[in-house]
Amino acid sequence: QVQLVESGGGLVQPGGSLRLSCAASGFTFSTEAMSWYRQAPGKERELVARIISTGGSTNYAESVKGRFTISRDNAKNAVYLQMDSLKPEDTAVYYCNTVLIKGLASYSYWGQGTRVTVSS
């Protein structure tokens, strides 16, 4: 079955950095786009960054452009989110996501999330 396991969250001071990792299994990782989402307390889940299967194209939310970098290692079935110049408003639970197409249906898979707290 599809599994996505995030790690790397924690407490960091404003201006600091964190690197999140997502280990994927149960599907052909190298053929699928991967995304990072986040959900702050009291807010809806939002897309942070997305990377296509080859890693050749990425997209970012305006709020993180220039500060966050999404990357992937298809040999390790892993996707990463390097977060620099962190701000208190980046505080959220971060989730790894992929959407798999099976016939006429699509299925969205989520990890359990990793919490990031940016505070002094």
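What counts, and at which threshold
In every chain, residue numbers begin from 1 and rise along the written sequence. Totals for whole chains, interfaces and linings use every residue, but because this is a predicted model, local features are given only for residues with pLDDT of at least 70 and side-chain atom pairs only at 80 or more, for both listing and counting. No hydrogens and no water enter the side-chain calculation; it runs on all heavy atoms of the structure. Disulfides are defined as pairs of cysteine sulfur atoms found within 2.5 Å of each other. What counts as a helix is a DSSP run of H or I of at least four residues, what counts as a strand is a run of E of at least two, and both are numbered from the N terminus. Between buried and exposed lies partly exposed: a residue is buried under 20% and exposed over 50% of the maximum accessible area for its type, with that area taken using a 1.4 Å probe on protein chains only.

A. The arrangement of the state of the cysteines in detail. Evaluated as defined, the whole model comprises one disulfide. Two residues, C22 and C96, share a disulfide whose sulfurs are 2.1 Å apart. Taking the sign of the torsion about the S-S bond as the criterion, the disulfide between C22 and C96, at about -80°, is left-handed. Linking C22 in strand β3 (residues 18–25) with C96 in strand β9 (residues 92–102), this pair joins segments that are 74 residues apart in sequence. Overall, the relative accessible area of 1% leaves C22 in the buried class. Given the relative accessible area of 0%, C96 is considered buried.

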